[in-house]
Amino acid sequence: MTFGTPAYDIAHLLGGGVLLLSFVLLYQRRIDAVINAFAVQGALLAAAAAWQGYIQGAAGLYVTAVIAVVAKAVLIPLALRHVLGRFGLQRAVEPALGVGPSLLAAVALVGLSVLVVLPITAGQAQALTREDLALALSVVLLGMLMMITRRNAISQVIGLMSLENGLILGAVAVTGMPLVVELSTAALVLMVAVVGGVVVFQIRGRLETLDTSFLHRARGEEPPA
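What counts, and where the lines are drawn
Residues numbered from 1 in each chain as written. Predicted model: local features only at pLDDT ≥ 70, side-chain atom pairs only at ≥ 80, totals over all residues. Heavy atoms only, no water. Helix = DSSP H or I, 4+ residues; strand = E, 2+ residues; numbered from the N terminus. Contact = heavy atoms within 4.5 Å. Areas by Shrake-Rupley, 256 points an atom, 1.4 Å probe, with all protein chains shown as cover. Axes fitted to C-alpha atoms, helices over the stretch in contact; angles between N-to-C directions. Parallel < 35°, antiparallel > 145°, perpendicular 65-115°, else oblique. Nonpolar A, V, L, I, M, F, W, Y, C, P; charged D, E, K, R; others polar. Left-handed = near helix turned anticlockwise from the far one by under 90°.

Peer 1: Honestly, the overall build of the chain in this entry has me stumped. Any pointers?
Peer 2: Helices and strands together make up the secondary structure of the chain, namely eight helices and zero strands. Overall, the chain shows an N-to-C arrangement of helices and strands of α-α-α-α-α-α-α-α. Once local pairs closer than 6 in sequence are excluded, the contacts in the chain between residues at least 24 apart make up 74%. Total accessible area on the chain stands at roughly 10,700 Å², and carbon and sulfur atoms take up 71% of it.

Peer 1: Just to check I follow, could you spell out the packing of helix α2 (residues 31-56) against helix α6 (residues 153-173) for this structure?
Peer 2: Two measures define how a pair of helices packs: the angle their axes make with one another and the distance between the axes. Their axes nearest at 10 Å, the elements α2 and α6 cross at an angle of 10 degrees. As the angle between them shows, α2 and α6 are arranged roughly parallel. In this structure, α2 contributes Ile 31, Val 34, Ile 35, Phe 38, Gln 41, Leu 45, Ala 48, Ala 49, Gln 52 and Gln 56 to the contact, and α6 contributes Ile 154, Ser 155, Ile 158, Met 161, Ser 162, Asn 165, Ile 168, Leu 169, Val 172 and Ala 173. Along the lines of polarity and charge, the residues of the contact of α2 with α6 split into 14 nonpolar, six polar and no charged.

Peer 1: Help me out: how do you make sense of the packing of helix α1 (residues 6-27) against α2 in this one?
Peer 2: Where α1 contacts α2, the two axes come as close as 9 Å, and the packing angle between them is 160 degrees. Taken as axis vectors, α1 and α2 run roughly antiparallel relative to one another. Handedness of the α1/α2 crossing: left-handed. Residue-level contacts link Pro 6, Ala 7, Ile 10, Ala 11, Leu 14, Gly 17, Val 18, Leu 21, Ser 22, Val 24 and Leu 25 of α1 to Val 34, Ala 37, Phe 38, Val 40, Gln 41, Leu 44, Leu 45, Ala 47, Ala 48, Trp 51, Gln 52 and Ile 55 of α2. Along the lines of polarity and charge, the residues of the contact of α1 with α2 split into 19 nonpolar, four polar and no charged.

Below, the structure is given as structure tokens:
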């Protein structure tokens, strides 16, 4: 695929949209907005997978797209909103690192992704694949950053699922990637997210809060600043 063609540009637009939503996740100060941003990211991921299925002629990617839109854009956000409403959870996000420093760190991680992926893949893959892999690694790293810099357990679980979105984005960008690999990767991370959800309820039941800094106090330690 040559640079500047509509297929090339649309693929980059969708991949860039997924990355942009990772920044939005880090920027939001309320859980409701974080859940909404995650739902939009899931919808863009589904669109990216469907578009890759079209330009690669890979029908299996349409299955990935359907699963992504149903699970990431609809079911998981609905479940999280239900949890918030049912348990009356605090809706404010309390970051361990401020929004400004978090966004600066995110920009640095995107730069690192580009510096790592593009030289390594030079001459080994077409331009679209190389650049999509850089975008995917950026989404993965920003998901990790969200898990580290947010004290609210639900925000941390969403960070984990955003990280998974990056893994799927990278998998669909590689031409010829078997569908079973993509689905097994998604299933693995979703399983971890389910375990994370169980931990969330345990924290809520025992400490009556989802601020994970209280775990330090429960152990008799001073929470991090």
